[in-house]
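# Coordinate inspection notes
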Amino acid sequence: METENPADVAHLQGGGGPRAGFCDLSDDPSSHSSAFSECNSDRSGEFASASPQARRRLLVACTSDRADDSFISQLVSDLGSCSIEEQRLAAMEIRLLAKNKADNRLRIAQAGAIKPLVSIISSSSDPLLQEDGVTAILNLSLCDENKEAIAASGAVKPLVRALKVGTPTSKENAACALFRLSQLEENKAVIGRSGAIPPLVGLLECGGARGKKDAATALYSLCSLRENKVRAVQAGLMRPLVELMADLDSSMVDKAAFVAHLLVTGLEEARAAVVEEGGVPVLVEIVEVGSRRQKEISVAILLQLCEDSVVYRTMVSREGAIPPLVALSQTSTSRAKQKGELQK
């Protein structure tokens, strides 16, 4: 029967005690948030399908500092028009008025725009109208005062629908809007129970560069809730995370690693999924050649794997993790000592 080398066990458990010598990610929450791009207001900005007259109106909306109250009321009324063209123009103008002006976001919501926009997202068969509705809701959700009203209007399920069947832009902006709504803690369970996790995993796996970033940001926020962690693992999230971490030339390594670390913390199913998806050699490679932050996140994941499992400790050791872990622990300890000297 194979036995463990005590020195190896010490390093795999964090040196002279759990996490000793290594960066404790929980001590620096800013390092988590800085890894994720903000889900901002819409970034498409072009309306090629609009008529010349409509484009002139949209240009006015783009340059308006503060929309007239009567104009906003008319736009809200037009959202309920029988004409798809009028609905699209109203949704696009609301989308633009809410894009950069915080005051407009609140006034548009107070004028009653949220419910008809949600109705458009929920029931429209026109993909471009749905896209404008989703993006208008996203832009309105940038105002903290609007988040509760958007959630209360029943927006979550229509946004999940757009995430499943919408245009690429609709999917990206629906992910951003769900992220914004998830910033209210009580919405995280609602979003997870509404089926958002599987299509977010799909967007992370198959979306474009922006879609992947938006999906990772939304998943990171939602998976702070344990029941959503379980949903994410069951939806197969670990596979695209490992694949993204393996691509060291991409901009997604940090984001994927932070989501993976969140999942494996306190969830045995997630730790098993990392191993099953071939994550151990990927994490060891990152410890060897990744950036400092990437190395520290990877070490934190490996420590979670090894803490209570002889099998995983043996597996990590066989992958050649001990030498880079020793080197990193020495560097981290030296850096901590230097930081301490500066603080004296």
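Residues numbered from 1 in each chain as written. Predicted model: local features only at pLDDT ≥ 70, side-chain atom pairs only at ≥ 80, totals over all residues. Heavy atoms only, no water.

Looking up the protein chain in an unreviewed UniProt entry gives the name RING-type E3 ubiquitin transferase, with the organism given as Punica granatum. According to UniProt, the comment filed for the protein chain under the heading Function (unreviewed entry) is "Functions as an E3 ubiquitin ligase." UniProt lists a comment for the protein chain under the heading Catalytic activity (unreviewed entry), and it reads "S-ubiquitinyl-[E2 ubiquitin-conjugating enzyme]-L-cysteine + [acceptor protein]-L-lysine = [E2 ubiquitin-conjugating enzyme]-L-cysteine + N(6)-ubiquitinyl-[acceptor protein]-L-lysine." (UniProt positions renumbered as here; feature names shortened; annotations may be inferred.)

In an α-helix, one full turn covers 3.6 residues, which means residues spaced three or four apart are oriented alike. If you check which residues of helix α15 (residues 226-234) are buried, you get N228, K229, A232 and V233. With its buried residues spanning 140° around the axis, α15 presents them on a single face. Phi turns positive, to about 85°, at G236, one or two residues after α15. (Buried < 20%, exposed > 50% of the residue type's maximum accessible area, 1.4 Å probe, protein only. Helix = DSSP H or I, 4+ residues; strand = E, 2+ residues; numbered from the N terminus. Arc of directions from axis to C-beta.)

For the pair helix α10 (residues 156-165) and helix α13 (residues 197-206), the least separation of the axes is 9 Å and the interaxial angle reads 35°. As for the relative orientation of α10 and α13, their crossing is left-handed in sense. From α10, V160, L163 and K164 reach across to α13, where they touch P199, L200 and L203. For the contact of α10 with α13, the class distribution of residues is five nonpolar, no polar and one charged. (Axes fitted to C-alpha atoms, helices over the stretch in contact; angles between N-to-C directions. Left-handed = near helix turned anticlockwise from the far one by under 90°. Contact = heavy atoms within 4.5 Å. Nonpolar A, V, L, I, M, F, W, Y, C, P; charged D, E, K, R; others polar.)

A word on the pattern of salt bridges. Per the counting criterion, the structure on display carries 14 salt bridges. A salt bridge links E185 to K188; the shortest N-O distance between them is 3.3 Å. Linking E185 with K188, this pair stays in helix α12 (residues 185-193), spanning three residues, or about one helical turn. Of the charged contacts, one joins R293 and D254 as a salt bridge, the two residues approaching to 2.9 Å between their closest N and O atoms. Here R293, found in helix α20 (residues 292-306), pairs with D254, found in helix α17 (residues 253-264); they are 39 residues apart in sequence, far enough to count as distant. For D254, a relative accessible area of 12% corresponds to the buried category. Salt bridges linked by common partners bring D69, D103 and R107 together as one network. (Salt bridge = Lys/Arg side-chain N within 4 Å of Asp/Glu carboxyl O.)

Its 15 residues give α20 an end-to-end C-alpha distance of 21 Å, which sits within 8% of 21 Å, the value for a rise of 1.5 Å per residue. A large share of α20 lies buried, amounting to twelve of its 15 residues. (Expected span 1.5 Å × (residues − 1).)

Let us look at the environment of K101. Position of K101 relative to the elements: it lies in the loop between α5 (84-100) and α6 (102-110). For the pair K101 and L140, spaced 39 residues apart in sequence, the C-alpha to C-alpha distance is 9.8 Å.

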